[in-house]
Structure formats: structure tokens, C-alpha cells
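Okay, here's what each chain looks like letter by letter:
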Amino acid sequence: MFTDEHVFLQQIEANIGIVRKVVHLYVEHPDDRRDLQQEILYQAWKAFPAFQGLSKFSTWLYRVSLNTVLTFRKRERRHATDPLESVGQDHPAPERHDSDNAERLYDAIRQLKEAERALIMLHLDGFGNDEIADITGLSANNVAVKLHRIKNDLTKRLNG
Amino acid sequence: MDIQQEWKRLNEGRFKPGEPTHLAVSDLMRHPKQSPLAILRRNAKINMGFAAVFLAGFCVLFVLFPHPYIRICFGVLILVYLAALLFTTYKLRHLPPIPDMGGAVLPVMKAYHDQLRAWIDWQEKVALFIYPVSAAGGAFLGITTEADLDTMLQKPAVLWILGIAVVVLTPAAHWLARWMGKVAFGKYLDQIKTNIDLLEKQEQQL
């Protein structure tokens, strides 16, 4: 028999990338990242009984992750001296054959405003405007307009 | 550059777990820190606990020392502490419950920040008025244990010392209380304010 715990852990295993993504795009220091990732998992576990399956688990986990980051995040500690050092702490660093373009995209997204990072992250992960609106509390029209602007901005940064 | 393609590559290289995470429920319960909202609520309760202990102490002194000056001072302190306890209880009861992170957090953070900030400001202002009473009450109590209070208060030197003690102790106690408030509440309120500003700025940006 599958318990709630079992279902939850399975879902988290399948969607752990969401948590990592949010943490990495919003927090710089490895210790802060570790703390925050643990905090997100704890908050998700606490909030899980209220999750009624009305949205996809991934949508819900995105909302929990973003809310937790924005509620719990403290003033940033001193940045790690080497940006790659901070990446290698809790998962493997990207291999060299991951193109430089992917790294440039990551850097470009991190340079966006905080609100824009969440929108583009959700969009690139394949969420529709309605789902993004649901997670961020914006109207779908607003999401569409904003995404158009962010994509233009991102393209300029990457090509500039 | 195909942004979508690069994002996919980035996900695979950077965010995809290399190995199964083997999470257990015990891992989930091992949370490294408490929500600043929960810490604020807990610290307000600790503050109430201290106030209750002091109130009990003042009541004992009120009963044990019948001199009218002492009773006036401790009577004022008892009334103020009682009012502060009731007000704090009211404030805590009217704070919204700490939300789970699947819901809206901004209104709750704003409620905590605004209500607790107002409560701390109220405490600091009221305390400014009772520090002189408290200092005088303490001095009367000290004098009573050694000599007759009425006789001592006839001496100008004693009145001068009493006045100086009140003038020195009032700002010192105010400064100490502010510092303690900053340690117990200030940094968490600042943290919440930063996050509120961020969320509100996001809404404006969007």
C-alpha cells in the first residue's frame, strides 16, 4: 500500500530539479543553497496534506519553492570565490561538453530581475501562460506581455 | 542561440539529479531553520513570559511593602504590565496563522510585520513612562531595607541621588530595551520587510 509519504517522496524524487533550479537561480552561496533546499523540502512536506491534486505536482512544487525562497531567504552571505565552486557542492558541475551557450544562458537569466527569473524559468520549463499566472498570481495576459519583453531582453543579452 | 534548446541542455547538465536522492521522511523533518514568522511569534510569547514573571514579582513586593510610595510605584507597574500582557495576548491571537508555502504568503508577512512593529513601538513608548516609576520604586525599596523611607526622603542629598538615578537609568533602560528588542524582533522584522519589499516590487515590475 502506498502511503502519503511514499507518494510524496516519489514525486519529490521526480521533481527535485525544480527545487534545485529555483534555489540556484535565487541564492548564490552554497551553504544558503543547502539550507534553502532543505527548507523547501520541509515546507513542501508540511504543505503536502493541503495539496489536493487540482494542479500538477510540479506546478505546486514551483509555488512552494518560490514562496519559500521569498519568505525564508536571508541577506546573502559572502559569495563563493569561484562560481563553479558553489555549483559543485550539492550536485555535479556541468560537464564541459555542456555548451558555453548553456552557461551563458544561465548567467543571463541570473542577471534578470528577480520576478523575471521566475517567469522565464517557468516558461522555459514548458508551463503555459495560465499555469504561470496561477503560480505567480498574475493575469495570463500580463504574463504574456511580460514574457515577450523578457525574451527580447534575454536575446539581447545573449547576442550583445 | 536557441534558448529553449540551451535551457534543456542546462537542465540536464546542471539541475538534473545525477543519482537518486534517496530521500526519507526523516530528511524532510530535518529543517535547518524556522520561518522568521514562527520565530517572531515564539519571541513574542517569551516576551510575554518575562512580563508575567515580572508582574508576579511586582505583586509580591506590593503586598510585602505597605509604604504608600512603594505601593504607588508598584501599583503603576502592575497596571502597566497587566495592560501590556493583555494587549500582547490580543495581538498574538489576531495574528494570522503561519501559512503553508503552497498559499499566498505576502499578506501574512505584511500582517506580521505591521502588527508586531506597531506592538514594539507601543511597548517602547509606554516603557519610557514607566522607567522613572520603576527606578523610583527600586530606590524606595532599597532605602526601606536600610532605613525609614520618610526620614530619608527629607534629606536633600537623597532626593538628589534619587533624581540623578532616575535621569541616568531611564535612558539606559530605554537603550537596553531597544537593543533587546532588536535582537529578539528587529532582525527578523527587517528580514520580513526585505522580502515584502521584494514581493511588492515584483508586483509593480510585473
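The paragraphs below set out a description of the structure included in this document. Since this is a predicted model, take the numbers as computed values, not measurements.

1. A closer look at the overall build of chain B
Item 1. In terms of helices and strands, chain B carries seven helices and zero strands.
Item 2. Starting at the N terminus and ending at the C terminus, chain B contains elements arranged as α-α-α-α-α-α-α.
Item 3. Out of the 206 residues in chain B, the part that is buried amounts to 22%.
Item 4. Across chain B, the fraction of contacts at a sequence separation of at least 24, relative to all contacts at a separation of at least 6, is 80%.

2. Quick look at the environment of B:Asn195
Item 1. By secondary structure assignment, the location of B:Asn195 is in helix 7 (residues 156–205).
Item 2. Taking the C-alpha atoms as reference points, B:Asn195 and B:Met109, separated by 86 residues in sequence, lie 8.5 Å from one another.

3. Some details on the nonpolar core
Item 1. A:Val19, A:Ala44, A:Leu122 and B:Leu116 are the most contacted members of the largest nonpolar core, which totals 60 residues.
Item 2. Among the elements that line this core, the one with the most residues is helix 1 (residues 4–26) of chain A, at nine residues.
Item 3. Once you skip the residues sitting within four places of it in the chain, B:Leu116 turns out to touch B:Leu40, B:Ala44, B:Phe185 and B:Leu189.
Item 4. Counting 13 residues, the second-largest nonpolar core is a separate cluster that includes B:Ile70, B:Phe74, B:Ala135 and B:Ala139.

4. A look at helix 5 (residues 100–111) of chain A
Residues and elements named next belong to chain A.
Item 1. Between its first and last C-alpha atoms helix 5 spans 17 Å; for 12 residues at 1.5 Å apiece the expected length is 16 Å, and the two agree.
Item 2. Looking only at helix 5, the buried set comprises Ala102, Leu105, Tyr106, Ala108 and Ile109. Projection of helix 5 onto a plane perpendicular to its axis shows the buried side chains occupying an angular sector of 165°, all on one side. Opposite its buried face, helix 5 presents the exposed residues Asp100, Asp107 and Gln111, each directed more than 90 degrees away.

How each quantity is defined
- Residues numbered from 1 in each chain as written.
- Chains lettered and ligands numbered in written order.
- Predicted model: local features only at pLDDT ≥ 70, side-chain atom pairs only at ≥ 80, totals over all residues.
- Helix = DSSP H or I, 4+ residues; strand = E, 2+ residues; numbered from the N terminus.
- Buried ≥ 20, exposed ≤ 12 C-beta atoms within 10 Å, placed from the backbone.
- Contact = placed C-beta atoms within 7 Å.
- Core = buried A, V, L, I, M, F, W, Y, C linked by C-beta atoms within 7 Å.
- Expected span 1.5 Å × (residues − 1).
- Arc of directions from axis to C-beta.

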